[in-house]
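Structural characterization, general
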Amino acid sequence: MGTTQLDTVPEPKYWHLKTVLSEALDSEFAVGEVLPNERELAARFGVARATLRQALEQLELEGRLQRRRGVGTTVAPPRADVAVDPVRHTWPGTPGDDWQPVDAAESDTVPAEVARLLETAPGEPVHIVRRNRVTDGRPVAAELLYVPAAAVPGYDPEAALSAPGRARAVLRALQEHELEGQDRTVELGSARAEDAKQLDRLPGAPVLVVTTRYVSRGRPTAVAVSTYRADTCRLTFGERDAVALLAG
């Protein structure tokens, strides 16, 4: 990568630098290769480190780079296609579900947006099921599934001997309902500390948040908040419809 004069470029310096760096990633670096440190890159391109960080952050957001603990900034592999809701009208945990149960716990406090979607009253107990998703050996998503305790009266936490067993028990109890429909939203977000740990990311890293509400008997019965790595995932929607691609 040679020195590039950026002073006469009309677009923001970091944006032009991002374009130059992107071209260099294609021609000079291999997947997984570690980039020079910020000081070297800033000197090479004659820009302030703040400008360089903006360009690197944009490339990370676009999935071209990854920040890895103890390693540095590396060239990211191509995004993996990850199907979201490949089979309509099924509950979480049914055959064909790619998620792995981790644990389940009960709480009387849930995020305000989740409580709104579930239409639960303050202090109403809710089971929180944690699940993970792995594709090609890489963690791609972490999920919190919220199920009001009143919706699964048959669930017995004492009957499960392990943390994954508790999660599976909630899912089995949920599947006793007839699913009437589901709705979904997708938005860009930042990884919380707990999700970042599950996804092998740094806190604050860009993520795609998919929120799914499940309806049974005319009312919300569960809400899943699924956090996907924005740098490695390309989400696909629909079973037979045209594929909708996000972040790439």
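For the structure itself, look to the data block above.
Scope of this entry: the structure provided in the associated data block.

Parameters and conventions
Residues numbered from 1 in each chain as written. Predicted model: local features only at pLDDT ≥ 70, side-chain atom pairs only at ≥ 80, totals over all residues. Heavy atoms only, no water. Salt bridge = Lys/Arg side-chain N within 4 Å of Asp/Glu carboxyl O. Helix = DSSP H or I, 4+ residues; strand = E, 2+ residues; numbered from the N terminus. Buried < 20%, exposed > 50% of the residue type's maximum accessible area, 1.4 Å probe, protein only. Pairing = 2+ DSSP bridges. Axes fitted to C-alpha atoms, helices over the stretch in contact; angles between N-to-C directions. Contact = heavy atoms within 4.5 Å.

Brief notes about the pattern of salt bridges
Two side chains bearing opposite charge may form a pair once their charged atoms approach each other closely. Enumeration according to the criterion identifies 13 salt bridges in this entry. Here Arg130 and Glu194 are joined by a salt bridge, their closest N and O atoms 2.8 Å apart. Of this pair, Arg130 sits in strand β5 (residues 126-135) while Glu194 sits in helix α6 (residues 193-199), and the two are 64 residues apart along the sequence. One continuous salt-bridge network, built from bridges that share partners, spans Arg130, Arg192, Glu194 and Asp195.

Concerning unusual backbone geometry
A positive phi angle is found at Glu119, which is not glycine, with a value near 60°. By secondary structure assignment, the location of Glu119 is in the loop between α4 (112-118) and β5. A positive phi angle, near 60°, is found at Asp200, a position not held by glycine. Classification of Asp200 as partly exposed rests on a relative accessible area of 49%.

A look at the sheet that holds strand β6 (residues 138-148)
Strand order in the open sheet formed by six strands is β4-β5-β6-β9-β8-β7, and the pairing between neighbours is antiparallel. The open sheet is flanked by β4 (99-107) and β7 (181-190), the only strands paired with a single partner. Neighbour to neighbour, the strand axes of the sheet diverge by 20° on average, direction disregarded. Here β4 pairs with β5 via eight bridges, running antiparallel. Of the residues in β5, the one forming a bridge with Glu106 is His127. Its contacts with the sheet put helix α5 (residues 163-174) on β4, β5, β6 and β9 (219-229), and the angle it makes with β4 is roughly 85°.

Limitation: the analysis is restricted to geometry and does not speak to function.
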